[in-house]
Amino acid sequence: RQAAFRTDLSVLLDQVGTGKESLSFMKRRIRRLAQQWATAANRLDAKLEQQWRDQKKILVHVGFLTEESGDVFSPKVLKGGPLGEMVQWADILTALHVLGHNLKISMSVKELQGFLGVPPGRGSCPLTGPLPFDLIYTDYHGLQQMKQHMGLSLKRHKCHIRVIDTFGTEPAYNHEEYATLHGYRTNWGYWNLNARQYMTMFPHTPDNSFMGFVSEELNETEKRSIQQNKVNNMAVVYGKEASMWKLQGKESFLQILHRYMEVHGTVYYETQRPPEVPAFVKNHGLLPQHELQQLLRKAKLFIGFGFPYEGPAPLEAIANGCIFLQPKFNPPHSSLNHEFFRGKPTSREVFSQHPYAEQYIGRPHVMTVDYNNSVEFDSAIKEIMRTKVEPYLPYEYTCEGMLERVHAYIQHQDFCAPEPPFIPANLSRKGSAGGSRMMGPLFVPLPNTTALGWASNVTAPSAWPPLSSLRLLVSQEGQSCVDACQSAGFICEPAHFRFINNKEALRRLDVQCEVVDSEINHILPAFSVVRQECGLQREPLLFSCAGHSPKYRRLCPCRDFRHGQVALCRDCL
Ligand code: UDP
């Protein structure tokens, strides 16, 4: 069946259910953004020009909101607890509904069992028949629950699963045996999924799919009125929980800030002002989302203290015409040195509070400075006060952008179909010869699929992203493919690894190989210049954009991307 866009959200609102603050928050959000979604649906409908869209049967099982997982989030919705996840789930549900799919929503193990048709009870009753859904969106909690209640049948059906995973899961952590053997085991990873089945909140490593969420978009009249009513010396602090204000050394930069600006906060409190919040701060208490928007419309500056990491609020602030000022992290924060990231299945290094804001938005909307340097901080504040900025929202965070991206994933990502033959082909000692020594990054552009003769004899007319988007590149020693592609203006595309994991690619790049081995290692395909050793990947699940190693230069499958929609290549729609 063909899916038809929906602009009426009442059925969805009924499906979400009642009885918890988290659900009320999500429903308020869905209602508030209903008009934006409807407009976006109409625009995308026109843009896709009658393109056929399959209607999918989709189950959304929100694991972290189930009682069985302990649901620590719901009781904190009105108390300054994290809201980013709820923002994202509300938007995912809305996007799937608006795209016209056949949606079932489960927020308890009982509902999950009902929808899957497994008898109630634990473990021993696997799903026997076919899976009654084309796609299941869940999270790590939900995945665990499905394992408990579907038993072994989960393995059979896991290609249908998508895991909403805020911070992402890198391939090395996802591969159970490899993670166990090589010290990448965490509380979360080891599900042996295709890493693109994990869907993140921001475009972190492209090993995962970028799901995202939306922020409110302003029309031209609203933009103009915001710019006219900006209060140049008004700052709002990012941080709705008092503990976020407990930063070492914050007194000094807050004092500087206060010297120039009126400082506002939206910190949750019960009866008394939280002691962490200085007396000169005008604290509004935790605000409903639409009231926070109003405050941001007046403010000139939205300032982060380093936590929370990578939330939605800075995008909302920038979309409402604020400049976002945030601390640079030196050394970067990661699972090795920061409690928050410890045990998360990623090696990502975070160089500022909100890397997306820094890398994808940047000046004049975002300023990233060293807060320990009071001169730098002082001049940043002065610069912000005299800089005029327009409200800005990257396309990928608009409703239309999210619909476009989710549409493309649903129609094109297929982890169930057998991959075309995976060939680290014709391995032999004394590999390819010839050519010059590698100096800088090197491209082998492949303008169209006819250039595919070299790629393991694999033809892939149905590959998505299409092969026309592939650019082969070599990283520097120690550099990941994430960085190598990015520094050349491209993005790493894990789906393309299988086309460059062969001797022909090495030959194309004039790589000197004394030996070409095929191994299980997440930095492969790669080669060592000094030892003239080349390695191809033997385990497709370990193809990794994120991997790097000091002695190796990696073969990187990069691709082009659309301006403002990094998840999609030019020919991806
Ligand atoms: N938010 C809110 N009231 C406030 C402060 C924040 O409703 O007083 C909302 C904000 O609009 C954003 C959400 O909280 O959409 C999550 O914000 P944040 O960036 O703080 O991420 P979190 O750490 O909560 O995931």
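Above this note sits the structure.
Residues numbered from 1 in each chain as written. Predicted model: local features only at pLDDT ≥ 70, side-chain atom pairs only at ≥ 80, totals over all residues. Heavy atoms only, no water.

Asker: A description of the packing of helix α2 (residues 21–32) against helix α12 (residues 289–298) should follow, citing residues and the corresponding values.
Answerer: Orientation of α2 relative to α12, taken along the N-to-C sense of each, is 55°, at an axis distance of 10 Å. In terms of orientation, α2 lies oblique with respect to α12. Between α2 and α12, the contacting residues are F25, R29 and R32 on the first element and Q289, H290 and Q293 on the second. Looking at the contact of α2 with α12, its residues break down into one nonpolar, three polar and two charged. (Axes fitted to C-alpha atoms, helices over the stretch in contact; angles between N-to-C directions. Helix = DSSP H or I, 4+ residues; strand = E, 2+ residues; numbered from the N terminus. Parallel < 35°, antiparallel > 145°, perpendicular 65-115°, else oblique. Contact = heavy atoms within 4.5 Å. Nonpolar A, V, L, I, M, F, W, Y, C, P; charged D, E, K, R; others polar.)

Asker: Account for the state of the cysteines, naming residues and giving values.
Answerer: One covalent bond between the sulfur atoms of two cysteine residues makes up a disulfide. Applying the stated criterion to the full structure yields six disulfides. Two residues, C159 and C416, share a disulfide whose sulfurs are 2.0 Å apart. Taking the sign of the S-S torsion, about 95° here, the bridge from C159 to C416 comes out right-handed. Taken together, the positions of C159 in the loop between α7 (153–157) and β4 (161–164) and C416 in the loop between α16 (399–412) and β14 (444–445) put the pair 257 residues apart, joining distant regions of the chain. With a relative accessible area of 16%, C159 lands in the buried category. The partly exposed category is assigned to C416, whose relative accessible area is 33%. Linked covalently through their sulfurs, C569 and C572 form a disulfide whose S-S length is 2.3 Å. Between C569 and C572, the disulfide has an S-S torsion of 100° and is therefore right-handed. Each of the two residues, C569 as well as C572, counts as buried. Taken in N- to C-terminal order, the disulfide-linked cysteines of the protein chain are connected 1-2, 3-9, 4-10, 5-8, 6-7, 11-12. (Disulfide = S-S within 2.5 Å. Buried < 20%, exposed > 50% of the residue type's maximum accessible area, 1.4 Å probe, protein only.)

Asker: Tell me about the site of the ligand, residues and numbers included.
Answerer: Of all residues adjacent to the ligand, which total 16 residues, the nearest are L83, Y238, K240, L287 and E316. Between the ligand and the protein, one listed contact pairs an oxygen atom with a side-chain N or O atom of Y238 at 2.6 Å. Contacts to the ligand include Q289, whose side-chain N or O atom sits 2.8 Å from an oxygen atom. Taken by itself the ligand offers 530 Å² of open surface, and the protein chains cover 93% of this. Residues of the shell around the ligand, tallied by class, amount to 10 nonpolar, four polar and two charged. (Near = heavy atom within 4 Å. Polar contact = N/O pair within 3.5 Å; in protein donor to acceptor, adjacent residues only side chain to side chain. Areas by Shrake-Rupley, 256 points an atom, 1.4 Å probe, with all protein chains shown as cover.)

Asker: Give a description of unusual backbone geometry that names residues and reports values.
Answerer: In this structure, P331 follows N330 across a cis peptide bond, with omega equal to 5°. Relative to the assigned elements, P331 resides in strand β11 (residues 323–333). Note that the residue after L524, namely P525, is joined by a cis bond; omega there is 5°. With respect to the element layout, P525 can be found in the loop between β17 (515–519) and β18 (526–528).

Asker: An account of the sheet that holds strand β5 (residues 198–200) is needed here, citing residue identities and associated values.
Answerer: The parallel open sheet is built from six strands, whose spatial order is β2-β1-β3-β4-β5-β6. Each end of this open sheet is capped by a strand with a single partner; those strands are β2 (102–106) and β6 (209–210). Of the strand pairs in this sheet, β4 and β5 are connected by two bridges, and their pairing is parallel. The partner of V163 across the bridge, within β5, is Y198. With respect to the sheet, helix α4 (residues 84–98) is in contact with β1 (57–61), β2, β3 (135–138), β4 and β5, its orientation differing from that of β1 by roughly 170°. (Pairing = 2+ DSSP bridges.)

Asker: Tell me about the environment of D14, residues and numbers included.
Answerer: Looking at the secondary structure, you find D14 in helix α1 (residues 10–16). Judged by its relative accessible area of 65%, D14 is exposed. It is 9.3 Å that separates the C-alpha atoms of D14 and K27, two residues lying 13 residues apart in sequence.

Asker: Give me the packing of aromatic side chains: which residues, what numbers.
Answerer: On inspection of all chains with the given rule, the structure shows 30 aromatic pairs. Both rings, one in Y140 and one in W188, keep their centres 5.6 Å apart while their planes meet at 40°; by these two values the pair is tilted. With Y140 in helix α6 (residues 140–150) and W188 in the loop between α9 (176–182) and β5, this pair connects stretches of sequence that are 48 residues apart. For Y140, a relative accessible area of 9% corresponds to the buried category. When the ring of F202 is compared with that of F213, the centres are 5.6 Å apart and the planes differ by 85°; the resulting orientation is edge-to-face. Taken as a pair, F202 in the loop between β5 and β6 and F213 in the loop between β6 and α10 (220–229) lie far apart in primary sequence, 11 residues in all. Each member of the pair, F202 as well as F213, carries the same accessibility label: buried. Aromatic rings pair up to connect F167, F307, Y309, F329, F340 and F341 into one cluster. (Phe/Tyr/Trp six-rings, centres within 6.5 Å; stacked < 30°, edge-to-face > 60°.)

Asker: So what's going on with the pairing of β2? Which residues, and what values?
Answerer: Here five bridges tie β1 to β2, and the two strands are oriented parallel to one another. Looking at the pairing, V60 lines up with I105 of β2. Where the polypeptide runs from β1 across α4 and back to β2, its parallel neighbour, the crossover connection is right-handed. (Right-handed = clockwise from strand over helix to strand, strands pointing away.)

Asker: Please set out helix α11 (residues 250–260) residue by residue, giving values where relevant.
Answerer: Among all positions in α11, only K250, F253, L254, I256 and L257 are buried. Axial view of α11: buried residues confined to an arc of 155°, hence all on one face. In this structure, the buried side of α11 is in contact with β7 (234–238), β8 (262–265), β10 (301–304) and α15 (374–386). (Arc of directions from axis to C-beta.)

Asker: Can you break down the packing of α11 against α15 residue by residue, with the values?
Answerer: Two elements in contact, α11 and α15, have axes whose closest approach is 10 Å; the angle formed by their N-to-C orientations is 30°. Taken as axis vectors, α11 and α15 run roughly parallel relative to one another. Along this stretch, α11 crosses α15, giving a crossing that reads as right-handed. Residues F253, I256, L257, R259 and Y260 of α11 lie in contact with α15, whose contacting residues are S374, F377, D378, I381, K382 and M385. Its residues assigned to classes, the contact of α11 with α15 comprises seven nonpolar, one polar and three charged. (Left-handed = near helix turned anticlockwise from the far one by under 90°.)

Asker: An account of the pattern of salt bridges is requested, with residue identities and associated values reported.
Answerer: Side-chain pairing between opposite charges can occur once the charged atoms of the two side chains come close. The tally for this structure, following the rule as stated, stands at 18 salt bridges. We note a salt bridge from R29 to D91, for which the minimum N-O separation is 2.8 Å. Residue R29 is found in helix α2, and its partner D91 is found in helix α4; the two are separated by 62 residues along the sequence. Taking the relative accessible area as the measure of exposure, R29 reaches 3% and is therefore buried. Assessed through its relative accessible area of 1%, D91 is described here as buried. The partner of E339 in a salt bridge is R342, and the shortest N-O contact between them spans 2.8 Å. (Salt bridge = Lys/Arg side-chain N within 4 Å of Asp/Glu carboxyl O.)

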